[in-house]
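Listed here are the chains, written in short residue letters.
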Amino acid sequence: MKDKMEDTYFDQEELASVRRGRRRKQERSRAVLTVMGCLVAMVAVIYFTATICVWIDGRVNGEEQSGAPGNIGGSQDGEANQGGEDIQWENDGLGTDQGSGEASGTGTDQGSEEASGADSKDVIGAASNKVVYSQEELEHQVENAREQAVEEVLGSIRNGLSDGETVLQTLRPLYQDELVVYSSGKYHFIPINHQLKKNQWDESCLDILESGEYRYLQDGEVISYKGIDVSRHQGKIDWNQVAEDGVTFAFIRVGYRGYGTGKLVGDEYFEDNIKGAIAAGIKVGVYFYSQAINEEEVLEEANYVLEKIAPYQIDCPVAFDVEKVTGASGRMNEISVEERTRLTEIFCQEVEKSGYRSIIYYNTEMGALLLDLPALENYDKWFASYSDEFYYPYEYGVWQYSQTGSVKGIKGDVDLNISFSPLWEE
């Protein structure tokens, strides 16, 4: 479709090398995230251990101060460790604590310690080979871990941009639990909603032919179906040649509403396209490009589509094409997320009441920022993303992966799609 997506389209002739390079960069980013995770875990362990040590030390010194039996040692003046100034850390028998004067498990004042039975700081339960951190040293350890994590992240960003990646490509691997989207001149970081259904697509199963055609494999077998979507922009089409090129389904535009005028316009090639596709044995669905801003307009669009398709066998779903107009002031751009979602649902409901299946066409920006996906969870999705990555996490059954594809029987560019399962009843 002639919309302007945010995702990058890659030159098909270079896709193989691009994918290999991206995988190496992704592995590097994962390594950075692993290091960061280890650093965070280390800091958490240090804090946890410190807390336990201080608590035990307080209990032990409290018992000594009160003269309770079973004392395992304490400070010479009987005071408990206050403020966490000396915090003990087990080191599995390795290293020494020079700050407290201990070496190989013995203190500097051995006589006094032997008389009292143990050093007052032996609160972990081991009598030898301990490491003792002061509060200042502990804070220094934490600061070092933080600085190292920052250095790793900045290094990954620098390397990605130096290698020619876009800002989006560089940022996305660093934010595993968020969708990073560029919209309206800003980068948005949207938490992934884990309550929504997720897609199960695996990049390792994606097969890209020299022609630029995508196929999806399972156990070495092709399970996807080749499809296109067309409008007047493709001009006159030889549908028999399209079928010979392996196309099994096609979405045909019924019409559109002007994003400036708001006028409803029929696609002048609709009749020729739907008749030609059906005659060639291609399964057909249809779509309507909406710019409705209220319920009256969206019902007008739905009824117009239902009237136009009534004479034909429609095997695939009827799609509601909801897009943000970029580079211009689209009338639908101005409505709220809630209203846009409501209008989308109204269209789908009208279609399904008439016995057809509905599907929603959208892209990453729409899904992350401009639609309330939980409210549309029960409707099928047709997702547009012009790359070779499965970055978008949510469920969809049809993928429009190119707007510059080539198919026999069509002059010029055409949108290419794959369906991961049949869109029709078999």
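Since the model is a prediction, treat every value here as computed from it, not as a measurement. Think of each chain on its own: its residues are numbered from 1, step by step along the sequence as written. Selection of residues for local features in this predicted model requires a pLDDT of at least 70, selection of side-chain atom pairs for listing and counting requires 80 or more, and totals for whole chains, interfaces and linings are taken over all residues. Heavy atoms throughout the structure, all of them, feed into the side-chain values; hydrogens and water do not.

A. Just the pattern of salt bridges, in detail. The rule for a salt bridge is simple: a side-chain nitrogen of Lys or Arg has to be within 4 Å of a carboxyl oxygen of Asp or Glu. Throughout the structure, instances matching the rule amount to 12 salt bridges. For Asp245, the salt bridge identified is with Lys226, shortest N-O distance 3.7 Å. With a gap of 19 residues between them, Asp245 in the loop between α5 (239-244) and β9 (249-257) and Lys226 in strand β8 (residues 225-230) connect regions that are remote in the sequence. Two residues, Glu300 and Arg257, come together in a salt bridge whose shortest N-O distance is 3.0 Å. Taken together, the residues Glu300 in helix α7 (residues 295-309) and Arg257 in strand β9 connect sequence positions 43 residues apart. By the criteria applied, helices consist of DSSP H or I runs no shorter than four residues and strands consist of E runs no shorter than two, each listed in order from the N terminus.

B. Molecular detail of the nonpolar core. The term nonpolar core refers to a set of buried residues drawn from Ala, Val, Leu, Ile, Met, Phe, Trp, Tyr and Cys, joined through side-chain atoms within 4.5 Å. Burial here depends on accessible area, computed with a 1.4 Å probe over protein chains only, as a share of the maximum for the residue type. Under 20% is buried, over 50% is exposed, and the range in between is partly exposed. Counting residues in each nonpolar core, the largest one holds 65 residues, and the members touching the most others are Ile228, Trp239, Val242, Val286, Ile309, Tyr362 and Trp399. Apart from the residues within four sequence positions on either side, Val242 is in contact with Ile228, Ile237, Val247, Ile282, Val407, Lys408, Gly409 and Ile410. One finds Cys316, Ile359, Tyr361 and Ala384 within the second-largest nonpolar core, a separate group that totals 13 residues. Every residue pair with non-hydrogen atoms within 4.5 Å of one another is taken to be in contact.

C. Region of interest: the packing of α7 against helix α8 (residues 337-353). α8 packs onto α7 with a crossing angle of 30° between their chain directions and a minimal axis gap of 9 Å. One element, α7, and the other, α8, form an angle in the roughly parallel class. Note that α7 runs across α8; the crossing there is right-handed. Contacts between α7 and α8 involve Glu295, Val298, Leu299, Glu301, Ala302, Asn303, Val305 and Leu306 on the former and, on the latter, Arg342, Leu343, Ile346, Phe347, Glu350 and Val351. Class assignment for the residues of the contact of α7 with α8 results in nine nonpolar, one polar and four charged. All axes here are fitted lines through C-alpha atoms, helices being fitted over the stretch that makes contact, and every angle between N-to-C directions spans 0 to 180 degrees. An angle counts as roughly parallel when it lies under 35 degrees, as roughly antiparallel when it exceeds 145, as roughly perpendicular when it falls between 65 and 115, and as oblique in every other case. Note on convention: the crossing is left-handed when the near helix lies turned anticlockwise from the far helix by less than a right angle, right-handed when the turn is clockwise. Under the convention adopted here, Pro, Cys and the residues Ala, Val, Leu, Ile, Met, Phe, Trp and Tyr are nonpolar, Asp, Glu, Lys and Arg are charged, and Gly plus all remaining residues are polar.

D. Structural context of the pairing of strand β4 (residues 186-191). At least two DSSP bridges between two strands are required for those strands to pair. Pairing of strand β3 (residues 178-183) with β4, which is carried by six bridges, proceeds in the antiparallel orientation. By the bridge assignment for β4, Ser183 is matched with Lys186. Once β3 ends, the chain turns through two residues before running back antiparallel as β4, passing Ser184 with a positive phi of about 55°.

E. The arrangement of unusual backbone geometry in detail. For Ser184, which is not glycine, the phi dihedral falls at a positive 55°. Ser184 sits in the exposed class, given a relative accessible area of 59%. In this structure, Asp219 takes a positive phi of about 55° despite not being glycine. Tracing the chain through its elements places Asp219 in the loop between β6 (214-218) and β7 (221-222).

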